[in-house]
Amino acid sequence: MQSSIPASGPDTRVRDRRLVRLLSSSVAILSFGVILVLLGCAVIGPIVYSGQELALTSASLVPPSGQSWLGTDELGRDVFVQMLFGSRTSLLVGVAAAVSATLVGIAIGAIAGFGSNRVDTVVMRVTEIFQVMPSFVLAAVIVALWGPGTMRIILIIAILSWPQTARLMRGEVLRIKSLDYVNAARCLGMTETQILWREVVPNALAPVLTVGTLIVGQAILLEAGLAFFGLTSPDVASWGKMLNSGQRFFYQGWWLSVFPGLAIFVTVLAFNLAGDKVAEIFNPRSED
Amino acid sequence: MVFPMLSRIGCALGAGLCLTLPTHAQDGPPVSGGTAIFAVGSDPATINRNISTSTADGLVSCVVYEGLVEVRAGGVIAPLLASEWTVSDDNLVYEFTLRQANWHDGQPFTSADVKYTLEEVSAKFSSTFSITAAVISSIEAPAPDKIVVTLDQPYDPFLMSLNCTQGGAILPKHLFEGTDPATNPVSTQAPVGTGAFRFAEWRRGEYVKFERNPDYWDAGKPYLDGVIAQVLPQSSSRTQALMAGEIDYVASQIMPSSDYRMLADNPNFALIPSPVPSIDVMVVNTTRPGLDDAKVRQALMMATDRDYLLATAYQGAGAAATMPFTNRMPWAADADTDYTKLYPYDPDRAIALLDQAGLMPDADGTRLRVALGYLSDDQDGPLVATAIKSMWSKVGVDVTIAPGERAAMVPKIFVDNDYDLALVSYSSGGDPALGLARMWVSSAAGRCCGNPTGYSNPEVDQLFDQAQQAAGQQARGAIYAKVQHILGRDLPTLTLHERILSSGLTARLKGMEHEYYLPTFREAWLQD
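Residues numbered from 1 in each chain as written. Chains lettered and ligands numbered in written order. Predicted model: local features only at pLDDT ≥ 70, side-chain atom pairs only at ≥ 80, totals over all residues. Heavy atoms only, no water.

Engineer: Residues and numbers for the overall build of chain B, please.
Structural biologist: Helix and strand counts for chain B stand at 18 helices and 21 strands. Here chain B has a C-alpha radius of gyration of 24 Å; the compact-globule value for 528 residues is 24 Å, and the two agree. If you line up chain B on its principal axes, its C-alpha atoms span 80 × 55 × 40 Å. The buried share of chain B, taken over its 528 residues, is 59%. (Helix = DSSP H or I, 4+ residues; strand = E, 2+ residues; numbered from the N terminus. Rg over C-alpha atoms; globule rule 2.2 N^0.38 Å. Buried < 20%, exposed > 50% of the residue type's maximum accessible area, 1.4 Å probe, protein only.)

Engineer: How would you explain the pairing of strand β16 (residues 397-404) of chain B if you had to name every residue and give the values?
Structural biologist: Residue and element names in this part refer to chain B. When strand β15 (residues 368-375) meets β16, the two strands line up parallel, connected through eight bridges. When the bridges of β16 are listed, Tyr374 appears paired with Pro403. Handedness of the crossover joining β15 and β16 through helix α14 (residues 381-393) is recorded here as right-handed. (Pairing = 2+ DSSP bridges. Right-handed = clockwise from strand over helix to strand, strands pointing away.)

Engineer: Let's hear about helix α2 (residues 26-48) of chain A: which residues, and what values?
Structural biologist: Residues and elements named next belong to chain A. Taking 1.5 Å per residue, 23 residues should reach 33 Å; α2 reaches 31 Å between its end C-alpha atoms and fits that length. For α2, the principal kink sits at Ala42 and spans about 30°; a proline, Pro46, occurs within the next four residues. Turning to α2, its buried residues are Ala28, Ser31, Ile35, Leu38, Ala42, Gly45 and Pro46. (Expected span 1.5 Å × (residues − 1). Bend = angle between axes of the 7 residues up to and from the residue.)

Engineer: Before we move on, can you summarise the packing of aromatic side chains with the specific residues and values?
Structural biologist: Under the defined criterion, the tally for this structure stands at 22 aromatic pairs over all chains. Ring geometry for Tyr216 of chain B and Trp217 of chain B: centres 5.0 Å apart, planes at 45°, overall tilted. Classification of Trp217 of chain B by relative accessible area gives buried; the value is 18%. With centroids separated by 5.6 Å and ring planes inclined at 75°, the aromatic side chains of Tyr249 of chain B and Phe521 of chain B adopt a geometry described as edge-to-face. Of this pair, Tyr249 of chain B sits in strand β11 (residues 249-250) while Phe521 of chain B sits in the loop between β20 (509-510) and β21 (525-526); the two residues are 272 residues apart in sequence, bridging distant segments of the chain. Tyr249 of chain B gets classed as buried once you look at its relative accessible area, which sits at 4%. An aromatic cluster of at least three residues, connected via ring pairs, comprises Phe325, Trp331, Trp440, Phe464 and Tyr480 of chain B. It is Lys177 of chain A that lies over the ring of Phe114 of chain A; its NZ or CZ is 5.9 Å from the centre. Cation over ring: Arg204 of chain B sits above Trp202 of chain B, and NZ or CZ is 3.7 Å from the ring centre. (Phe/Tyr/Trp six-rings, centres within 6.5 Å; stacked < 30°, edge-to-face > 60°. Lys NZ or Arg CZ within 6 Å of the ring centre and 35° of its normal.)

Engineer: So what about the interface of chain A and chain B? Which residues, and what values?
Structural biologist: On the side of chain B, 22 residues touch chain A, which itself brings 16 residues to the contact. Interface area, chain A with chain B, both sides summed: about 1600 Å², of which 58% is carbon and sulfur. Among the residues chain A hides against chain B, the three largest losses belong to Leu75, Asp235 and Arg248 of chain A. Together they make up 39% of the total. Where chain A touches chain B, the interface holds one salt bridge. Residue Lys389 of chain B pairs with Asp235 of chain A through a salt bridge whose shortest N-O separation is 3.0 Å. Across the contact surface, chain A and chain B share three residue pairs in polar contact (both at pLDDT 80 or more). Taken together, the residues of the side of chain A that touches chain B break down into seven nonpolar, five polar and four charged. (Contact = heavy atoms within 4.5 Å. Buried area = accessible area lost by both parts, 1.4 Å probe. Salt bridge = Lys/Arg side-chain N within 4 Å of Asp/Glu carboxyl O. Polar contact = N/O pair within 3.5 Å; in protein donor to acceptor, adjacent residues only side chain to side chain. Nonpolar A, V, L, I, M, F, W, Y, C, P; charged D, E, K, R; others polar.)

Engineer: Provide a residue-level description of the sheet that holds strand β17 (residues 421-427) of chain B, including the pertinent values.
Structural biologist: All names here are of chain B. The strand order across the open sheet built from six strands is β14-β18-β13-β17-β15-β16, with neighbouring strands paired in mixed fashion. In this open sheet, the two edge strands, each paired with only one partner strand, are β14 (319-320) and β16. In this fold helix α10 (residues 294-302) packs onto β13 (278-284), β15, β16 and β18 (493-499), with an angle of close to 30° to the strand it touches most, β18. On the sheet, helix α15 (residues 406-415) packs against β13, β15, β16 and β17 and is oriented at approximately 130° with respect to β15. (Axes fitted to C-alpha atoms, helices over the stretch in contact; angles between N-to-C directions.)

Engineer: Tell me about the confidence of the model for chain B, and name the residues and values.
Structural biologist: The predicted model of chain B has a mean per-residue pLDDT of 89, with 95% of residues at 70 or higher. In the predicted assembly, ipTM is 0.74 and pTM is 0.75. (pLDDT = per-residue confidence, 0-100.)

Engineer: Give a description of the side chain of Ser52 of chain B that names residues and reports values.
Structural biologist: Residue and element names in this part refer to chain B. Within the secondary structure, Ser52 is located in the loop between β1 (35-40) and α3 (55-64). A relative accessible area of 12% means that Ser52 is categorised as buried. Not counting chain neighbours up to four residues away, the residues in contact with Ser52 comprise Thr46 and Asp57.

Engineer: Could you give an account of empty space enclosed by the protein, naming the residues involved and the relevant values?
Structural biologist: Residue and element names in this part refer to chain B. Enumeration according to the criterion identifies nine cavities of 30 Å³ or more in this entry. The computed volume of the largest cavity comes to approximately 150 Å³. Surrounding the largest cavity, 17 residues form its lining, Glu70, Val71, Asn163, Leu518 and Thr520 being those nearest its centre. Ranked by residues supplied to the lining of the largest cavity, first place goes to strand β2 (residues 69-72) with three residues. (1 Å grid on protein atoms, 1.4 Å probe; cavity = no way out; pocket = protein on both sides within 12 Å on 5 of 7 lines; lining within 4 Å. Points joined across faces, edges and corners; volume = space filled by probe spheres on them.)

Engineer: Go over the pattern of salt bridges with me, naming the residues and quoting the values.
Structural biologist: Residues and elements named next belong to chain B. Considering all chains together, one arrives at 29 salt bridges over all chains under this definition. The shortest N-O distance in the salt bridge between Glu119 and Lys115 comes to 3.0 Å. Of this pair, Glu119 and Lys115 are both found in helix α4 (residues 111-125), four residues apart, which corresponds to roughly one turn of the helix. Taking the relative accessible area as the measure of exposure, Glu119 reaches 28% and is therefore partly exposed.

Engineer: For the nonpolar core, give the residues involved together with the corresponding values.
Structural biologist: Membership of the largest hydrophobic core comes to 87 residues, with the highest contact counts inside it found for Phe38, Leu68, Phe96, Phe210 and Phe521 of chain B. At five residues, α3 of chain B tops the list of elements feeding residues into this core. Sequence-distant contacts of Phe521 of chain B, that is, excluding residues within four places in its chain, are made with Phe38, Val63, Phe197, Pro222, Leu224, Val227, Tyr249, Leu509, Met512 and Glu515 of chain B. Counting residues in hydrophobic clusters, the runner-up holds 70 residues, among them Ile264 of chain A together with Met301, Met302 and Ala350 of chain B. (Core = buried A, V, L, I, M, F, W, Y, C linked by side-chain atoms within 4.5 Å.)

Engineer: An account of the side chain of Asp334 of chain B is needed here, citing residue identities and associated values.
Structural biologist: Residue and element names in this part refer to chain B. For Asp334, the location among the structural elements is in the loop between β14 and α12 (339-342). One buried charged residue, Asp334, remains without a salt bridge, the closest side chain of opposite sign being Arg489 at 9.6 Å. A polar side-chain atom of Asp334 sits 2.5 Å from a polar atom in the side chain of Thr337. The contact partners of Asp334, leaving out residues within four places of it in the chain, are Ala481, Gln484 and His485. (Lys, Arg positive; Asp, Glu negative; His and termini not counted.)

Engineer: Could you give an account of the sheet that holds strand β4 (residues 82-87) of chain B, naming the residues involved and the relevant values?
Structural biologist: Residues and elements named next belong to chain B. The strand order β4-β5-β7-β6 describes an open sheet built from four strands, whose pairing is antiparallel. The open sheet has two free edges, formed respectively by β4 and β6 (136-143), since each of these has just one partner strand. Taking each pair of neighbouring strands and ignoring which way they run, the sheet shows an average axis angle of 20°. Both β6 and strand β7 (residues 146-151) contribute to a ladder of five bridges, which runs antiparallel. Bridging from a neighbouring strand, Ala143 pairs with Lys146 of β7. Along the sheet, α4 makes contact with β5 (93-98), β6 and β7, crossing β6 at roughly 165°.

Engineer: So what about helix α8 (residues 192-228) of chain A? Which residues, and what values?
Structural biologist: Along its length, α8 of chain A reaches its greatest deviation from straightness, about 45°, at Leu205 of chain A, and the proline Pro207 of chain A lies no more than four positions downstream. Following α8 of chain A by one or two positions, Gly230 of chain A adopts a phi angle in the positive range, close to 70°.

Engineer: Outline the domain arrangement of chain B, supporting the account with residue identities and numerical values.
Structural biologist: All names here are of chain B. One can read the domain layout of chain B as domain 1 (1-65 + 195-274 + 501-528), domain 2 (66-184) and domain 3 (278-499). The centre of domain 1, based on its C-alpha atoms, is set 25 Å off from the matching centre of domain 2. Contact residues are listed per partner, giving 29 residues for domain 1 and 32 residues for domain 2. Together domain 1 and domain 2 conceal approximately 2500 Å² of surface at their shared face, both sides included; 58% is due to carbon and sulfur atoms. Of all residues in domain 1, Asn50, Tyr65 and Trp217 bury the most surface against domain 2, accounting for 33% of the area lost on that side. Where domain 1 touches domain 2, the interface holds two salt bridges. Where domain 1 meets domain 2, there are twelve residue pairs in polar contact (both at pLDDT 80 or more). The set of elements that each furnish at least two residues to the side of domain 1 that touches domain 2 consists of α3 and β8 (197-203). A total of three residues in the side of domain 1 that touches domain 2 trace back to one element, the largest contributor, which is α3. (Domains from an automatic or database assignment.)

Below you can see the structure in the form of structure tokens.
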């Protein structure tokens with residue numbers, strides 16, 4: 001019944017137009033293409049090369065060749081295989097942290113935006129406390145105190161990333177809750193909770209989700225940074241860890257640092273560009 | 001003076017890095033003049049080796065101070081402040097004749113300085129010399145140029161312990177007597193020694209400058225006008241400074257091993273292998289289930305490809321270990337204990353041994369789960385641990401890599417014995433009694449950095465005691481061979497790698513070949 005309320009959200013023609021604009025942007029196609037390829041690598045790679053993560057070949061520090069596409073590392077492990085296993089860590093951490101941060105951010109932002117002034121003030125001050133924390137330093141301290149582990153890294157990054165989503169969500173909710181269709185819903189007898197979750201939140205999601213894409217990039221970078229400083233689990237392959245061990249052999253094996261470095265760069269760039277593009281297209285002010 | 005053929009040792013031990021150093025014949029006679037700059041990893045806290053074993057303090061101390069003897073590369077003991085000595089037939093009484101030398105402040109050096117230093121400073125403050133002090137019964141100074149030391153029992157490493165590296169540097173009594181050596185400004189601000197160089201300037205956090213001692217007892221030396229210790233905390237910046245010609249020498253203790261190859265490949269630089277044997281060891285907690293069985297430890301040894309570790313994780317520097325002690329003390333070796341024959345890399349035989357020990361594979365094919373620790377500042381640690389994890393996965397041993405900070409890890413391993421397996425390294429100190437026995441004797445359990453294995457064998461304890469008291473290398477060697485036979489069979493520790501650290505230097509810095517653990521620059525000179 002509520003779905004028949006005409007003012008509920010942008011109509012489908014606007015959505016189609018946005019999709020068309022998205023698909024006509026070469027930057028968007030390229031960045032989404034890169035993300036898809038990376039996802040494919042992260043999912044299929046470790047299956048194809050199952051059990052070879054640790055395999056030692058007899059030759060260490062062999063430059064890229066037909067036999068080992070990206071060369072071998074100081075222990076004679078294939079850099080390409082290591083990169084595939086590393087992509088799984090990077091994407092898992094990036095996506096899982098971004099999803100958790102976005103969910104937390106949406107919930108807190110919605111409550112702040114829709115609640116009373118007092119609730120808003122309290123929640124936003126708490127949010128600001130989290131926002132001004134130096135994230136990398138805090139992450140390093142937490143890992144140093146409680147030890148590494150992929151789940152813990154995801155959790156830390158999520159805890160450090162939700163404030164930006166929450167602030168954006170609150171702004172959107174504040175804007176939408178004064179719109180006419182919200183008043184119309186109230187006149188139809190919906191409770192405030194129903195209005196918040198059924199009418200306001202869904203329409204505030206678009207910009208929040210684009211920020212989520214940006215968080216993926218930030219999370220991947222943060223994980224790589226922690227791994228680079230040896231703060232992640234030594235048992236888990238990761239691009240940042242490869243970069244860390246590769247720097248010792250920079251003069252003898254440039255491929256040890258260049259390829260993981262490139263992978264981090266391209267991945268973060270792809271997620272950032274994709275996020276920017278989506279934000280640009282879904283921003284109401286960019287219409288026409 | 002004989003120059004030991006140390007420069008070839010890298011090749012002799014089958015190391016991947018073969019080094020050839022220019023010989024003196026090609027270099028011509030030493031040239032006087034110039035200032036050599038060497039790296040220190042941090043600002044020294046004190047310039048007094050007898051009260052500090054820190055590397056930075058040591059690197060600057062032995063430039064200023066001298067022991068009664070010097071240890072030259074290859075372990076050769078040569079006269080320094082003592083010009084000669086006699087040893088009684090029972091190996092208990094050592095009588096030294098001292099040189100005519102002056103302190104840097106002009107006061108004469110006498111036997112009173114020696115007696116004071118060894119009794120009041122070295123014995124009380126030096127963690128290395130105190131081992132020797134425990135067997136000294138008396139030190140007499142019958143004449144200003146005579147010193148007589150009487151021991152309780154024969155102690156073969158006695159002479160070796162009288163050098164600066166071991167905490168036996170002689171200090172000026174007239175400046176130290178009645179003070180606390182740790183806070184005396186002579187230790188902490190302006191050292192006064194007898195060495196080839198005297199203290200000139202100390203700019204905290206930047207450099208310590210030493211100038212030529214014109215009054216040096218060895219007339220004509222040193223050749224250099226001065227030496228400067230430059231503080232360079234980052235290991236990569238030390239190599240860069242060397243490559244850029246900003247410094248001339250990086251001591252083996254602080255020279256990053258991953259840069260050896262780069263220096264070896266460049267004719268403008270040279271590497272000198274450190275003469276102090278040091279071994280990389282995997283210590284085993286023999287109280288843990290599974291690891292308490294010698295068969296399992298033997299299986300783990302056979303599942304470990306030490307040659308592969310040498311070529312990859314250790315970048316070809318050093319040699320694969322072939323016995324419990326270091327390979328570089330052939331006089332203490334046991335003919336039957338050769339790891340290449342006893343425990344060749346053979347996963348099939350390793351599996352057979354694990355079967356015999358009753359460790360059968362579970363549903364995942366895993367026979368044993370262990371954690372392998374290392375100190376996070378050990379730059380080879382992650383590589384060695386990762387390679388071993390891979391090798392052992394083939395025989396059904398699942399390894400969790402568990403690095404830790406030094407401050408937390410050392411008590412965990414050595415005091416609480418709360419670990420399964422850990423990678424550590426031991427420096428022999430030049431003699432099994434000085435540095436190696438602690439790894440296996442029961443009396444060294446429960447403290448850093450002794451015996452963390454839980455292994456306690458009365459026979460081993462007794463043999464180490466006997467070897468320490470026996471006189472002469474041959475007699476001692478025979479006893480050490482027996483010890484190695486037992487240790488090679490029981491394997492409370494898996495000796496994996498013979499570490500040969502190298503100092504890196506510019507090719508124009510000559511005369512450093514004889515230097516022992518800590519440099520003195522006594523015979524160094526700069527070629528134009």
